[in-house]
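# Understanding the architecture of this molecule
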Amino acid sequence: MKKLRVAIIGQGRSGRNIHGAYFLSEQNTIVEVVAAVDAIADRRERAKVDFGCDVYEDYRELFGRKDIDLIVNASFSQQHYSIAKDCLEHGYNVLNEKPFAKTYYEAMDLIKTAEKHGVLVTAFHQSIYGPTIFKIKEILESGKLGNIKQINMCWSGFSRRWDWQTLQNHCAGGVYNTAPHPIGIALDLLGWDPDAKVAYSHLDTALTSGDANDMAKIIITAPGKPIVDIEVNSADAYPAKNIKILGDRGSLICGTTGDVNIKYIVDEELEARPVTEEPLRKPETGYPMYCSENLPFHEETFNTTGDGFTTASDIYYKRLYDTLVNGAPLYITAEKAAKAIEIIEAVHAENPLPLKY
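Here goes a summary of the coordinates provided. The residue numbers shown here count from 1 along each chain, following its written sequence. Given that this is a predicted model, residues contribute local features only at a pLDDT of at least 70 and side-chain atom pairs are listed and counted only at 80 or more, while totals for whole chains, interfaces and linings are drawn from all residues. Remark: hydrogens and water are excluded; side-chain values derive from all non-hydrogen atoms of the structure.

## Considering the overall build of the protein
For clarity, the cut-off: Think of it this way: any DSSP run of H or I at least four residues long counts as a helix, any run of E at least two long counts as a strand, and we number them from the N terminus. For the exposure calls, accessible area comes from a 1.4 Å probe over protein chains only, and a residue counts as buried if that area is under 20% of its type's maximum, exposed if over 50%, partly exposed in between. By definition in these notes, contact holds between two residues if any of their heavy atoms fall within 4.5 Å. Charged-residue counts in this description rest on Lys and Arg as positive and Asp and Glu as negative, His and the chain ends being excluded. In this description, the location of a charge corresponds to atom NZ of lysine, CZ of arginine, CG of aspartate or CD of glutamate.
In terms of helices and strands, the protein carries 9 helices and 14 strands. Taking the principal axes of the C-alpha coordinates as reference, the protein spans close to 90 × 50 × 35 Å. Split into buried and exposed, the 357 residues of the protein put 49% on the buried side. In the protein, the proportion of contacts linking residues at least 24 apart, taken out of those at least 6 apart, comes to 73%. Charge separation in the protein, taken as the distance between the mean sites of 38 positive and 49 negative side-chain charges, equals 2 Å.

Encoded structure:
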């Protein structure tokens with residue numbers, strides 16, 4: 001079986017602890033790391049030991065190598081666009097970590113550059129392949145919840161950050177760093193509707209040491225589709241479940257791992273309730289009565305195993321492998337990644353925060 005020969009740019013949290021961890025796991029049977037790049041010497045030495053690969057201080061030292069099938073660009077977020085474009089222009093397939101780019105223009109430029117040079121570019125929206133997301137789609141397809149009216153996404157908690165991910169000049173903050181997960185999942189549940197847009201947004205800072213947002217509210221709408229309400233808030237000590245979906249026949253709630261719970265009604269089990277203008281009365285006394293009933297709810301729990309990183313990474317890379325090796329259609333395309341960036345860029349344009357650093 002052919003293995004994908006991969007070069008990783010960046011040996012930080014994403015490059016080493018997410019991509020690298022998967023490449024070193026027992027699940028990985030399809031990827032061989034042939035090179036790793038990092039400006040920090042001890043990270044290079046660790047990569048040499050971990051992967052048994054060549055290491056470089058500068059990504060441009062990769063250019064000219066013919067044994068690289070894919071470059072994983074896990075550099076600083078503000079470098080994603082420039083490094084990806086350079087690698088594409090040198091004829092390499094590129095997988096960008098999130099965010100795919102800073103702006104929609106940059107995202108579309110990467111797409112055009114890839115097309116020009118006959119290579120592939122896309123983004124690591126692996127959360128879409130999380131086990132609970134697959135189960136959600138199955139439940140929605142069943143129709144048990146009826147017509148879906150609203151999707152709530154909450155990627156919140158109570159924590160402080162003081163690293164480069166708090167700086168606007170590093171293309172950072174909660175929306176660029178964390179929100180690609182719920183935004184990508186939400187757009188996927190909306191069928192990647194090209195008319196999806198930001199109806200309302202608000203950004204603020206709370207606990208961060210930097211100048212980029214750590215509080216965000218984003219509402220996305222699309223014609224004939226459910227409204228999406230997204231919160232990414234670092235000052236929420238009582239965060240809700242990651243995902244809640246409201247239909248006109250029931251609701252769903254779940255995290256990114258574990259059980260998916262639904263509660264719903266079945267029309268055939270309901271007593272007919274034609275509308276009336278007459279005041280409601282208690283049958284036994286004739287006294288005024290509040291309009292209410294005990295609905296015959298059904299409840300189901302679906303167990304899922306795995307998570308949105310380890311399990312989802314395995315699925316992501318196996319599907320990417322099928323595209324690069326066997327020519328299968330790519331599901332998470334660069335165009336879909338660009339749509340997520342279009343949403344993210346609009347949120348920042350509507351809510352400029354003071355630049356302090």
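## What to know about helix α8 (residues 310-326)
Keep this limit in mind: Multiplying 1.5 Å by the residue count of a helix minus one yields the expected span of that helix.
Taking 1.5 Å of rise per residue, 17 residues should cover 24 Å, and α8 covers 23 Å from first to last C-alpha, within 8% of that figure. Looking only at α8, the buried set comprises A312, S313, D314, Y316, Y317, L320, Y321 and T323. Elements in contact with the buried residues of α8: β1 (4-9), α1 (13-23), β2 (31-37), β4 (70-73), β5 (94-96) and β6 (121-123).

## Section: unusual backbone geometry
Residue K98 is joined to P99 through a cis peptide bond whose omega torsion reads -5°. Among the secondary structure elements, P99 is positioned in the loop between β5 and α4 (104-117).

## Topic: the pattern of salt bridges
Keep this limit in mind: For this document, the term salt bridge refers to a Lys or Arg side-chain nitrogen within 4 Å of an Asp or Glu carboxyl oxygen.
Within this structure, the stated rule accounts for 24 salt bridges. Between D69 and R5 there is a salt bridge, and its shortest N-O distance comes to 3.1 Å. Taken as a pair, D69 in the loop between β3 (54-56) and β4 and R5 in strand β1 lie far apart in primary sequence, 64 residues in all. Here R5 falls in the partly exposed class, since its relative accessible area comes to 28%. A salt bridge links R16 to D50; the nearest nitrogen and oxygen atoms lie 3.1 Å apart. Of this pair, R16 sits in helix α1 while D50 sits in helix α2 (residues 41-51); the two residues are 34 residues apart in sequence, bridging distant segments of the chain. A relative accessible area of 31% means that R16 is categorised as partly exposed. Taking the relative accessible area as the measure of exposure, D50 reaches 28% and is therefore partly exposed. What emerges from the salt-bridge pattern is a single network uniting K2, R5 and D69.

## Focus: the packing of helix α3 (residues 80-89) against α4
For any two helices packed against each other, the geometry is given by the interaxial angle and the distance between the axes. We count it as follows: Where helices are involved, their axes are fitted lines through C-alpha atoms of the stretch in contact, as for all axes, and angles between N-to-C directions lie from 0 to 180°. Roughly parallel means an angle under 35 degrees; roughly antiparallel means over 145; roughly perpendicular covers 65 to 115; every other angle is labelled oblique. Each residue is assigned to one of three groups, with Ala, Val, Leu, Ile, Met, Phe, Trp, Tyr, Cys and Pro labelled nonpolar, Asp, Glu, Lys and Arg labelled charged, and all others, Gly among them, labelled polar.
In contact at an axis separation of 9 Å, α3 and α4 are set at 10° when each is read in the N-to-C sense. Considered as vectors, α3 and α4 are oriented roughly parallel to each other. Counted together, Y81, A84, K85, L88 and E89 of α3 and E106, D109, L110, T113, A114 and H117 of α4 form the full contact between these two elements. Across the contact of α3 with α4, the residue classes tally to 5 nonpolar, 2 polar and 4 charged.

## Points about the side chain of K336
By the element assignment, K336 lies in helix α9 (residues 334-350). Comment: no salt bridge for buried K336; closest opposite-charge side chain is D188, at 5.1 Å. Beyond its immediate stretch of four places on either side in the chain, K336 contacts W192 and Y331.

## Some points on the sheet that holds β2
We count it as follows: By definition, two strands form a pair when at least two bridges between them are found by DSSP.
Across the sheet, 6 strands lie side by side as β3-β2-β1-β4-β5-β6; this open sheet has parallel pairing. At either end of the open sheet lies a strand with only one pairing partner, and these are β3 and β6. The average undirected angle you get between the axes of adjacent strands in this sheet is 25°. Pairing analysis gives 3 bridges linking β4 to β5, with the strands arranged parallel. Bridge assignment links V72 to a residue of β5, and that residue is L95. Packed on one face of the sheet, α2 meets β1, β2 and β3 and runs near 165° to β3.

## Observations concerning α9
Compared with the 24 Å implied by 1.5 Å per residue over 17 residues, the 24 Å span of α9 between its first and last C-alpha is a close match. Residues of α9 that are buried: A334, K336, A337, A338, K339, A340, I341, I343, I344 and V347. Buried-residue contacts for α9 involve α4, β6, α6 (174-177), α7 (180-189), β8 (197-204) and β9 (215-221).

## Quick notes on the packing of aromatic side chains
Threshold: The aromatic pairing rule takes the rings of Phe, Tyr and Trp, using the six-membered ring of Trp, and pairs them if the centres are within 6.5 Å, calling planes under 30 degrees apart stacked, those over 60 edge-to-face and the rest tilted. A ring has a charge above it when a Lys NZ or an Arg CZ is no more than 6 Å from the ring centre and no more than 35 degrees off the ring normal.
In this structure the tally under the stated criterion is 12 aromatic pairs. Ring geometry for F23 and Y317: centres 5.1 Å apart, planes at 70°, overall edge-to-face. A residue pair is termed long-range when its members are at least 10 positions apart, and F23 in helix α1 and Y317 in helix α8 qualify at 294 residues. Taking NZ or CZ as reference, K263 lies 4.7 Å from the ring centre of F297, over its face. Over the ring of Y331 we find K336, and its NZ or CZ is 3.6 Å from the ring centre.

## Re the nonpolar core
Burial of nonpolar side chains together is a common tendency in soluble globular proteins. Filter applied, for reference: Among the buried residues, those of types Ala, Val, Leu, Ile, Met, Phe, Trp, Tyr and Cys that are joined through side-chain atoms within 4.5 Å form a nonpolar core.
Of all hydrophobic cores here, the largest spans 97 residues; its most connected members are F23, L62, F100, I183, I230, L252 and Y317. Discounting chain neighbours no more than four positions away, the residues touching L252 are I136, I139, L145, I243, K244, I245, V260, N261 and I262.

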